[in-house]
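Commentary on secondary and tertiary structure
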Amino acid sequence: MLADKLNLVKKNIEEACDTAGRSPQEVTLIAVSKTKPVEMLKEAYDAGARVFGENKVQEILDKYDQMPSDVQWHMIGHLQRNKVKYIIDKVSMVHSVDSVRLAEAIEKEAAKKDICMPVLIEVNVAGEESKFGLSVEEVLPFLEEISSYEHLQVKGLMTIAPFVANPEENREVFQKLKKLSVDIAAKNINNVNMSVLSMGMTNDYQVAVEEGATMVRVGTGIFGERDYSIKED
Ligand SMILES: *Cc1c(COP(=O)(O)O)cnc(C)c1O
(Lines give C-alpha, C1' and ligand atoms only; values in the text may rest on other atoms or scores of the structure.)
Protein backbone atom coordinates (compact mmCIF):
# COMPACT_ATOMS: atom_id res chain seq x y z
CA MET A 1 0.00 0.00 0.00
CA LEU A 2 1.16 3.46 -0.90
CA ALA A 3 0.08 4.85 2.49
CA ASP A 4 2.26 2.28 4.26
CA LYS A 5 5.28 3.23 2.17
CA LEU A 6 4.68 6.92 2.80
CA ASN A 7 4.40 6.31 6.53
CA LEU A 8 7.57 4.24 6.54
CA VAL A 9 9.47 7.08 4.85
CA LYS A 10 8.11 9.52 7.44
CA LYS A 11 9.13 7.18 10.24
CA ASN A 12 12.64 6.85 8.81
CA ILE A 13 12.91 10.64 8.62
CA GLU A 14 11.85 10.89 12.26
CA GLU A 15 14.47 8.32 13.25
CA ALA A 16 17.19 10.17 11.34
CA CYS A 17 16.11 13.40 13.07
CA ASP A 18 16.33 11.62 16.40
CA THR A 19 19.86 10.43 15.62
CA ALA A 20 20.90 13.95 14.67
CA GLY A 21 19.07 15.70 17.50
CA ARG A 22 16.82 17.55 15.07
CA SER A 23 13.09 18.12 15.06
CA PRO A 24 11.12 16.31 12.33
CA GLN A 25 9.28 19.60 11.74
CA GLU A 26 12.47 20.92 10.17
CA VAL A 27 12.22 18.40 7.33
CA THR A 28 9.74 18.60 4.45
CA LEU A 29 9.09 15.39 2.57
CA ILE A 30 8.61 15.99 -1.15
CA ALA A 31 6.73 13.13 -2.81
CA VAL A 32 8.40 12.83 -6.20
CA SER A 33 5.56 11.74 -8.48
CA LYS A 34 7.18 12.07 -11.92
CA THR A 35 5.96 9.49 -14.47
CA LYS A 36 3.26 8.33 -12.03
CA PRO A 37 -0.48 8.54 -12.85
CA VAL A 38 -2.75 11.02 -11.08
CA GLU A 39 -4.60 8.17 -9.33
CA MET A 40 -1.41 7.42 -7.42
CA LEU A 41 -0.90 11.08 -6.54
CA LYS A 42 -4.45 11.14 -5.18
CA GLU A 43 -3.70 8.07 -3.10
CA ALA A 44 -0.64 9.84 -1.69
CA TYR A 45 -2.74 12.95 -1.09
CA ASP A 46 -5.32 10.93 0.82
CA ALA A 47 -2.49 9.50 2.91
CA GLY A 48 -1.43 13.02 3.82
CA ALA A 49 1.08 14.11 1.13
CA ARG A 50 0.73 17.78 0.17
CA VAL A 51 4.07 18.56 -1.44
CA PHE A 52 4.77 16.92 -4.80
CA GLY A 53 7.92 17.06 -6.91
CA GLU A 54 7.91 16.85 -10.70
CA ASN A 55 10.67 17.30 -13.25
CA LYS A 56 8.78 18.06 -16.48
CA VAL A 57 6.78 21.19 -17.23
CA GLN A 58 4.14 19.38 -19.29
CA GLU A 59 3.57 16.83 -16.56
CA ILE A 60 3.04 19.54 -13.94
CA LEU A 61 0.50 21.22 -16.23
CA ASP A 62 -1.35 17.94 -16.83
CA LYS A 63 -1.53 17.03 -13.15
CA TYR A 64 -2.06 20.51 -11.75
CA ASP A 65 -5.75 20.79 -12.65
CA GLN A 66 -6.54 17.26 -11.55
CA MET A 67 -5.24 17.62 -8.01
CA PRO A 68 -6.70 19.57 -5.06
CA SER A 69 -5.67 23.22 -4.88
CA ASP A 70 -3.83 22.88 -1.57
CA VAL A 71 -1.12 20.78 -3.23
CA GLN A 72 2.26 22.46 -3.46
CA TRP A 73 4.21 21.67 -6.63
CA HIS A 74 8.00 21.75 -6.62
CA MET A 75 9.89 21.85 -9.90
CA ILE A 76 12.91 19.65 -9.22
CA GLY A 77 14.12 18.94 -12.76
CA HIS A 78 16.15 20.85 -15.30
CA LEU A 79 14.07 23.81 -16.47
CA GLN A 80 14.26 25.34 -19.92
CA ARG A 81 14.04 29.12 -20.04
CA ASN A 82 11.28 29.19 -22.64
CA LYS A 83 9.06 27.02 -20.42
CA VAL A 84 9.29 29.13 -17.27
CA LYS A 85 6.18 31.08 -18.23
CA TYR A 86 3.96 27.99 -18.14
CA ILE A 87 4.66 27.10 -14.52
CA ILE A 88 5.64 30.38 -12.88
CA ASP A 89 2.26 30.78 -11.16
CA LYS A 90 1.78 27.06 -10.49
CA VAL A 91 4.87 25.93 -8.61
CA SER A 92 5.84 27.00 -5.11
CA MET A 93 9.56 26.42 -5.57
CA VAL A 94 12.11 25.80 -8.33
CA HIS A 95 14.96 23.60 -7.07
CA SER A 96 17.11 23.66 -10.17
CA VAL A 97 18.42 27.16 -10.87
CA ASP A 98 21.91 26.79 -12.31
CA SER A 99 22.44 29.63 -14.77
CA VAL A 100 22.08 33.40 -14.87
CA ARG A 101 19.96 33.08 -17.99
CA LEU A 102 17.46 30.81 -16.22
CA ALA A 103 17.40 33.13 -13.20
CA GLU A 104 16.75 36.03 -15.58
CA ALA A 105 13.85 34.20 -17.22
CA ILE A 106 12.31 33.45 -13.81
CA GLU A 107 12.78 37.08 -12.75
CA LYS A 108 11.08 38.31 -15.92
CA GLU A 109 8.08 35.96 -15.81
CA ALA A 110 7.59 36.38 -12.05
CA ALA A 111 7.60 40.16 -12.50
CA LYS A 112 4.82 39.86 -15.09
CA LYS A 113 2.64 38.04 -12.55
CA ASP A 114 3.79 40.27 -9.71
CA ILE A 115 5.06 37.34 -7.65
CA CYS A 116 8.33 36.47 -5.97
CA MET A 117 9.47 32.93 -6.81
CA PRO A 118 11.35 30.97 -4.14
CA VAL A 119 14.30 29.17 -5.75
CA LEU A 120 17.18 26.90 -4.83
CA ILE A 121 20.56 26.83 -6.51
CA GLU A 122 21.46 23.42 -7.88
CA VAL A 123 25.01 22.42 -6.98
CA ASN A 124 26.88 19.53 -8.57
CA VAL A 125 28.83 18.79 -5.41
CA ALA A 126 30.44 15.60 -6.64
CA GLY A 127 31.43 17.15 -9.98
CA GLU A 128 29.71 14.47 -12.03
CA GLU A 129 29.88 15.26 -15.73
CA SER A 130 26.42 13.92 -16.46
CA LYS A 131 24.71 16.27 -14.03
CA PHE A 132 23.40 19.81 -14.14
CA GLY A 133 24.30 22.33 -11.49
CA LEU A 134 27.02 24.78 -10.55
CA SER A 135 30.32 23.66 -9.09
CA VAL A 136 30.87 24.52 -5.41
CA GLU A 137 33.25 27.35 -6.41
CA GLU A 138 30.75 28.91 -8.81
CA VAL A 139 27.92 29.34 -6.30
CA LEU A 140 29.05 32.48 -4.45
CA PRO A 141 29.86 34.60 -7.54
CA PHE A 142 26.59 33.39 -9.08
CA LEU A 143 24.58 34.53 -6.04
CA GLU A 144 26.25 37.91 -6.06
CA GLU A 145 25.31 38.27 -9.70
CA ILE A 146 21.62 37.53 -9.20
CA SER A 147 21.14 39.18 -5.79
CA SER A 148 19.56 42.28 -7.31
CA TYR A 149 16.63 40.34 -8.77
CA GLU A 150 13.44 41.32 -7.01
CA HIS A 151 11.01 38.67 -8.19
CA LEU A 152 13.12 35.72 -7.23
CA GLN A 153 14.14 34.82 -3.71
CA VAL A 154 17.04 32.45 -3.13
CA LYS A 155 16.04 30.12 -0.29
CA GLY A 156 18.94 27.70 -0.30
CA LEU A 157 20.77 24.93 -2.14
CA MET A 158 19.89 21.66 -3.81
CA THR A 159 22.01 18.73 -4.89
CA ILE A 160 21.50 15.38 -6.58
CA ALA A 161 24.05 13.07 -5.02
CA PRO A 162 25.65 10.27 -7.05
CA PHE A 163 23.90 6.93 -7.35
CA VAL A 164 25.81 4.73 -4.91
CA ALA A 165 25.39 1.24 -3.50
CA ASN A 166 25.88 2.35 0.09
CA PRO A 167 24.27 5.66 1.18
CA GLU A 168 27.20 6.28 3.54
CA GLU A 169 29.24 7.04 0.44
CA ASN A 170 27.17 10.20 -0.03
CA ARG A 171 27.58 11.51 3.52
CA GLU A 172 30.53 13.63 2.46
CA VAL A 173 28.53 15.14 -0.42
CA PHE A 174 25.79 16.20 1.99
CA GLN A 175 28.34 17.59 4.46
CA LYS A 176 29.90 19.66 1.67
CA LEU A 177 26.55 21.14 0.64
CA LYS A 178 25.74 21.96 4.28
CA LYS A 179 29.12 23.63 4.74
CA LEU A 180 28.64 25.64 1.56
CA SER A 181 25.26 26.87 2.78
CA VAL A 182 26.72 27.90 6.16
CA ASP A 183 29.60 29.73 4.45
CA ILE A 184 27.20 31.55 2.13
CA ALA A 185 24.80 32.47 4.93
CA ALA A 186 27.72 34.12 6.73
CA LYS A 187 28.22 36.47 3.76
CA ASN A 188 24.81 38.07 4.27
CA ILE A 189 24.16 38.61 0.59
CA ASN A 190 21.17 40.76 -0.22
CA ASN A 191 18.07 38.70 -1.09
CA VAL A 192 19.86 35.42 -0.38
CA ASN A 193 18.73 33.20 2.45
CA MET A 194 20.11 29.74 3.17
CA SER A 195 17.26 28.18 5.15
CA VAL A 196 16.62 25.31 2.72
CA LEU A 197 18.86 22.34 1.95
CA SER A 198 17.20 20.05 -0.59
CA MET A 199 19.18 16.81 -0.54
CA GLY A 200 18.52 13.10 -0.22
CA MET A 201 16.47 10.71 -2.39
CA THR A 202 15.09 7.21 -1.84
CA ASN A 203 18.51 5.62 -1.46
CA ASP A 204 20.07 8.11 0.91
CA TYR A 205 17.52 10.43 2.53
CA GLN A 206 18.22 9.23 6.07
CA VAL A 207 21.91 10.13 5.72
CA ALA A 208 20.92 13.46 4.16
CA VAL A 209 18.62 14.25 7.10
CA GLU A 210 21.40 13.37 9.55
CA GLU A 211 23.59 15.88 7.71
CA GLY A 212 21.05 18.72 7.75
CA ALA A 213 18.60 18.28 4.86
CA THR A 214 15.45 20.38 5.29
CA MET A 215 13.81 18.92 2.18
CA VAL A 216 14.14 15.34 0.98
CA ARG A 217 12.90 14.28 -2.45
CA VAL A 218 11.58 10.73 -2.35
CA GLY A 219 10.03 9.05 -5.38
CA THR A 220 10.64 5.30 -5.59
CA GLY A 221 10.35 4.87 -1.82
CA ILE A 222 6.74 6.12 -1.97
CA PHE A 223 5.46 5.33 -5.47
CA GLY A 224 7.59 2.33 -6.42
CA GLU A 225 9.94 1.92 -9.39
CA ARG A 226 9.41 4.13 -12.43
CA ASP A 227 8.86 2.65 -15.86
CA TYR A 228 10.67 4.88 -18.32
CA SER A 229 9.94 2.63 -21.28
CA ILE A 230 6.51 4.27 -21.63
CA LYS A 231 6.99 7.75 -20.26
CA GLU A 232 10.42 9.10 -21.09
CA ASP A 233 10.55 11.77 -23.81
C1 LIG B 1 13.51 11.49 -9.66
C2 LIG B 1 14.13 12.45 -8.73
C3 LIG B 1 14.11 12.23 -7.34
C4 LIG B 1 13.52 10.98 -6.70
O5 LIG B 1 14.33 9.88 -6.92
P6 LIG B 1 14.05 8.48 -6.16
O7 LIG B 1 15.36 7.80 -6.21
O8 LIG B 1 13.00 7.78 -6.92
O9 LIG B 1 13.62 8.81 -4.77
C10 LIG B 1 14.66 13.19 -6.53
N11 LIG B 1 15.22 14.32 -7.03
C12 LIG B 1 15.24 14.58 -8.34
C13 LIG B 1 15.85 15.84 -8.83
C14 LIG B 1 14.71 13.66 -9.23
O15 LIG B 1 14.75 13.92 -10.55
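Rules and cut-offs
Residues numbered from 1 in each chain as written. Predicted model: local features only at pLDDT ≥ 70, side-chain atom pairs only at ≥ 80, totals over all residues. Heavy atoms only, no water. Helix = DSSP H or I, 4+ residues; strand = E, 2+ residues; numbered from the N terminus. Rg over C-alpha atoms; globule rule 2.2 N^0.38 Å. Contact = heavy atoms within 4.5 Å. Areas by Shrake-Rupley, 256 points an atom, 1.4 Å probe, with all protein chains shown as cover. Buried < 20%, exposed > 50% of the residue type's maximum accessible area, 1.4 Å probe, protein only. Expected span 1.5 Å × (residues − 1). Near = heavy atom within 4 Å. Nonpolar A, V, L, I, M, F, W, Y, C, P; charged D, E, K, R; others polar. UniProt positions renumbered as here; feature names shortened; annotations may be inferred. Core = buried A, V, L, I, M, F, W, Y, C linked by side-chain atoms within 4.5 Å. Salt bridge = Lys/Arg side-chain N within 4 Å of Asp/Glu carboxyl O. Pairing = 2+ DSSP bridges. Right-handed = clockwise from strand over helix to strand, strands pointing away.

Some thoughts on the overall build of the protein chain
In terms of helices and strands, the protein chain carries 10 helices and 8 strands. In summary, the protein chain has a C-alpha radius of gyration of 17 Å against a globular reference of 17 Å for 233 residues, a match within 12%. Along the first, second and third principal axes, the C-alpha set of the protein chain runs to 45 × 40 × 35 Å. In the protein chain, of all internal contacts separated by at least 6 residues, the share reaching a separation of at least 24 is 60%. Accessible surface, the protein chain: about 11,300 Å² in total, of which carbon and sulfur atoms supply 47%.

A look at the environment of R81
Inspection of the secondary structure assignment puts R81 in the loop between β3 (72-75) and α4 (84-87). Spatially, the C-alpha atom of R81 lies 5.4 Å from that of L102, the residues being 21 residues apart in sequence. In this structure R81 touches R101, L102 and A105, once residues within four positions along its chain are discounted.

Thoughts on unusual backbone geometry
Positioned with a positive phi, N188 is a non-glycine residue whose angle comes to about 50°. Judged by its relative accessible area of 67%, N188 is exposed. Non-glycine residue N191 carries a positive phi angle of around 70°. Within the secondary structure layout, N191 lies in the loop between α7 (171-185) and β7 (192-198).

Quick notes on α7
Given a rise of 1.5 Å per residue, 15 residues ought to cover 21 Å, and the 21 Å separating the end C-alpha atoms of α7 matches this to within 8%. Residues of α7 that are buried include every one of R171, V173, F174, L177, L180, S181 and I184, and no others. Looking at the buried residues of α7, the elements they touch are α6 (139-146), β6 (152-158), β7 and α8 (205-210).

Observations concerning the site of the ligand
Around the ligand, the surrounding shell consists of V32, K34, I76, M158, I160, M201, T202, R217, V218, G219, T220 and R226. Of the residues assigned to the shell around the ligand, the class counts are 6 nonpolar, 3 polar and 3 charged.

Some thoughts on the UniProt feature "modified residue: N6-(pyridoxal phosphate)lysine" (unreviewed entry) in the protein chain
Residues annotated by UniProt as "modified residue: N6-(pyridoxal phosphate)lysine" (unreviewed entry) correspond here to K34. Overall, the relative accessible area of 15% leaves K34 in the buried class. Excluding anything up to four places from it in sequence, K34 contacts G53, E54, N55, E59, K63, R226 and Y228.

Topic: the nonpolar core
Membership of the largest hydrophobic core comes to 67 residues, with the highest contact counts inside it found for F52, I106, I121 and L143. Residue contacts for I121: discarding those within four places in its chain leaves H95, V97, L134, V139, F142, L143, I146, V154, G156, L157 and M158.

Description of the pattern of salt bridges
Throughout the structure, instances matching the rule amount to 14 salt bridges. Of the charged contacts, one joins R171 and E210 as a salt bridge, the two residues approaching to 2.8 Å between their closest N and O atoms. Within this pair, whereas R171 is found in helix α7, its partner E210 is found in helix α8, the two being separated by 39 residues in sequence. The class of R171 is buried, set by a relative accessible area of 18%.

Describing the pairing of β3
The pairing of strand β2 (residues 51-54) with β3 spans 4 bridges and is parallel. In the sheet register, F52 faces β3, and the bridge partner there is W73. Taken together, β2, helix α3 (residues 57-64) and β3 form a β-α-β motif whose crossover is right-handed. With 2 bridges joining them, β3 and strand β4 (residues 93-97) adopt parallel strand pairing. By the bridge assignment for β4, M75 is matched with V94.

Observations regarding the environment of S96
Along the chain, S96 turns up in strand β4. Given the relative accessible area of 0%, S96 is considered buried. Linking S96 and I189, residues 93 residues apart in sequence, is a C-alpha distance of 20 Å. The residues touching S96, leaving out its near neighbours within four places in the chain, are M75, I76, G77, H78, L79, L102, L120 and E122.

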